Amino acid sequence: MLLDALLLQLGYNATLVALGAASLGVAAGATGTFLFLRKRSLVSDAISHATLPGIGLAFIVMVALGGDGRWLPGLLAGSALSALAGLVCVNWLTRNTRLAEDAAIGAVLSVFFGAGIVILTIIQTLSSGRQAGLESFLLGSTAGMLFSDALTLAIGGALVLALALVLRRPMIQVAFDPGFAETTGISVSRTDFLTMTLVMAITVVGLKIVGLIMIVALLIIPAVTARFWSNRAEHVVALAGLFGGLAGYVGAAISATAPALPTGPIIVLIGFALFAASLLVAPGRGVLAAAWRYRRFQQRLHLRQGLISLAQGQPVYERLTRRLLRREGYLRADNVITDEGRARAATVLRDEARWQAVRRSDSLALLAQQDDGMTDIASVLTSDQLAEIDARIGGPKAVTP
Amino acid sequence: MKDAMPELVAEAGQQIPDAVSHSPLAIRGMTVSYGEEPAIFSIDLTAEPGAMTAIIGPNGAGKSTLLKAALGIVRPLSGAAMVFGKPLSKQRAHIAYMPQRASVDWDFPTTVIDVALMGLSRELGLLRPVRARHKARALACLDRVGMAEFADRQIGQLSGGQQQRVFLARALAQDAELYLLDEPFAGVDAATERAIIDVLKQLRAEGKTVVAVHHDLSTVSEYFENVFLINRRRIAEGPVGTAFTAENLQEAYGGRLAAGQIEQLVLGRA
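Residues numbered from 1 in each chain as written. Chains lettered and ligands numbered in written order. Predicted model: local features only at pLDDT ≥ 70, side-chain atom pairs only at ≥ 80, totals over all residues. Heavy atoms only, no water.

An unreviewed UniProt entry lists chain B under the name Manganese/zinc/iron transport system ATP-binding protein, with Primorskyibacter sedentarius given as the organism. Taken from UniProt, the Sequence similarities (unreviewed entry) comment for chain B reads in full: "Belongs to the ABC transporter superfamily." (UniProt positions renumbered as here; feature names shortened; annotations may be inferred.)

The name given to chain A in an unreviewed UniProt entry is Manganese/zinc/iron transport system permease protein, and the organism recorded there is Primorskyibacter sedentarius. Quoted verbatim from the Subcellular location (unreviewed entry) field of the UniProt record, the comment on chain A reads "Cell membrane". Taken directly from UniProt, the Sequence similarities (unreviewed entry) text for chain A runs: "Belongs to the ABC-3 integral membrane protein family."

Here it is in structure tokens:
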């Protein structure tokens, strides 16, 4: 069943939804990355919540003009206008008052959302029984999606994606170092505004499928997921598009396998699954990789401390240290030092003596700052400097147990 | 001189004075205020072409603010900066800037060479692909500061001094005539300080102009030929020999420097 869904064998509607969600996911993932890199992820939450009053007002205006209140392009235009108003409010509050951006976001988000709910309730009462169906914009709805809807998603997504790619360099520059970007002639305020406009466009396009409450997940989760896998901004953007598209496609397919499964939330959960997997297994920034690195470092540290103790003829008390020394063949099973251990301890002792000589040297004392107990002295001093130090302290001394 | 030039924009038939039109950087009457407390007040500065000028003054004197205002990063309340006699906005291509290291997030997903390539952003524009020759230029700039071998490192994995050198490489990639540097020597190791000052001296030898915010008074006379002393107001400006005096330091730093310290600094200069 799921396989059928993934292979687009579940019928016309399911196929439309899957393709639409995938293109939305790609565009949202890539665009959201610029927001994430600029450290303004939460602004997207304010933008999405601020769409609600616009939806309601657009409905009222269209009905008042004698048209169909549910005409999608009209509703989306209304949502875009009120999202813009919300964005302007956040920017104005941040710039002209002492409110920090997070506080401004909180204020704008809740006020706009509250106003939207009130307007929707009024519409409910006025339309007296005739279901307006505007609530579907809260959580998204894919039931009865039309070909034209899917086309809107695909075209809207492609357009936003193309714009994001054109603007990627200034957006990355502004996110990394706005001051420098400004001096090269990139207008920071204009670039920020364009970024927000792209996010707004994605929000509006995505309202239909994932709804305004969850669009933020589609903008941000792919970006943070992608960050685990790359250290280059442009690659993070591309990967976020991939993860977003994957979440959209798989999520829509899964929700198509059972009639009661809501599409938007499933997409978000798939996005989260990708995030959780990356968090665990990503090399470098992943949790497991970090734990492994920590363990390796701990082992190196214990070995070194153990060897220093052996070299100075002191007993090694810590069990972990003893076990590691045995594993390396420096200690016998009965904790007596081996020849190999003696040789190794002698070099460790020599390095300690070298560091001491460096600390006492007039010309090299500055380099001693790099001695943290674990740094290899050969990586700090040149071979000439090492030779000079060695001439001063003599060769390695034998270690006697 | 300031009285003679209330406006930097030449009215019809009015001549812009030579000092302004010939200087790589001429700032006139610049005031920047955060809230209602000017961080810098009515600053005039004229950078000497082909020379190195240190902007010095105590903490909170407005050194970085002056630089940022000159670059248009912060908006001055009054006054303007002229670069080679023209407004800043027309001269961006001739300016290179090195901000303070602490001003960016070093965990940002970018590599050493990517940062150097940002110095070429005017040339690359929006869509021009990054070609081998662009990379070669970025690498050459990294090489000048001894960072070429780290080209593919994520910038967060560098030491503070290395990060500072990468920032300098990015400024070098801008291939400008005027270099504005904000605390290039702050918190760096001795090797980095050496590398940076060597590059700056090369720039001067090439006839470029360097203006740097500097905090270490003990190296002023060794590194720079001109100083600009500031403490919100302009205290003094000119060659180290005439402007870096005990009197001026006392005026700029107030009680913050002990008399003995000042004496040592001034006597210590070449």
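Once the structure has been displayed, the description carries forward.
**Some words on the sheet that holds strand E2 (residues 37-46) of chain B**
All names here are of chain B. Sheet architecture is open: four strands sit in the order E2-E1-E4-E5, paired in antiparallel fashion. Bordering the open sheet on either side are E2 and strand E5 (86-87), each of which pairs with just one other strand. In the sheet, strand E1 (residues 26-34) pairs with E2 via six bridges, with the strands oriented antiparallel. Directly across from Ser-33, in E2, lies its bridge partner Pro-38. Strand contacts of helix H2 (residues 63-70): E1, E2 and strand E4 (78-83), with the helix running at about 115° to E1, the strand carrying the most contacts. (Pairing = 2+ DSSP bridges. Helix = DSSP H or I, 4+ residues; strand = E, 2+ residues; numbered from the N terminus. Contact = heavy atoms within 4.5 Å. Axes fitted to C-alpha atoms, helices over the stretch in contact; angles between N-to-C directions.)

**Points about the pattern of salt bridges**
This structure, assessed with the given rule, holds 24 salt bridges over all chains. Here A:Glu234 ties to A:Arg168 by a salt bridge, and the two come within 3.2 Å at their closest N and O atoms. Here A:Glu234 is found in helix H12 (residues 233-256), whereas its partner A:Arg168 is found in helix H9 (residues 168-176), with 66 residues between them in sequence. Using a relative accessible area of 18% as the deciding quantity, one classes A:Arg168 as buried. Ionic pairing is found between B:Arg194 and B:Asp198, a salt bridge with its closest N-O pair at 3.8 Å. Taken together, the positions of B:Arg194 and B:Asp198, both in helix H7 (residues 190-205) and four residues apart, correspond to about one turn of that helix. A relative accessible area of 36% means that B:Asp198 is categorised as partly exposed. Within the structure, one salt-bridge network assembled from shared partners comprises A:Arg38, A:Arg40, A:Glu101 and A:Asp192. (Salt bridge = Lys/Arg side-chain N within 4 Å of Asp/Glu carboxyl O. Buried < 20%, exposed > 50% of the residue type's maximum accessible area, 1.4 Å probe, protein only.)

**Looking at a nonpolar patch on the surface**
Residues and elements named next belong to chain A. Together, Trp-229, Leu-279, Leu-280, Val-281, Val-287 and Leu-288 make up a nonpolar patch on the protein surface, roughly 520 Å² of accessible area in all. When residues of the nonpolar patch are traced back to their parent elements, those giving at least two are helix H13 (263-281) and helix H14 (287-311). Looking at the nonpolar patch, the element that brings in the most residues is H13, giving three residues. Here Trp-229 lies in the loop between helix H11 (188-227) and H12. (Patch = residues over 30% accessible without salt bridge, like charges linked within 9 Å, V, L, I, M, F, W, Y side chains within 5 Å. Areas by Shrake-Rupley, 256 points an atom, 1.4 Å probe, with all protein chains shown as cover.)

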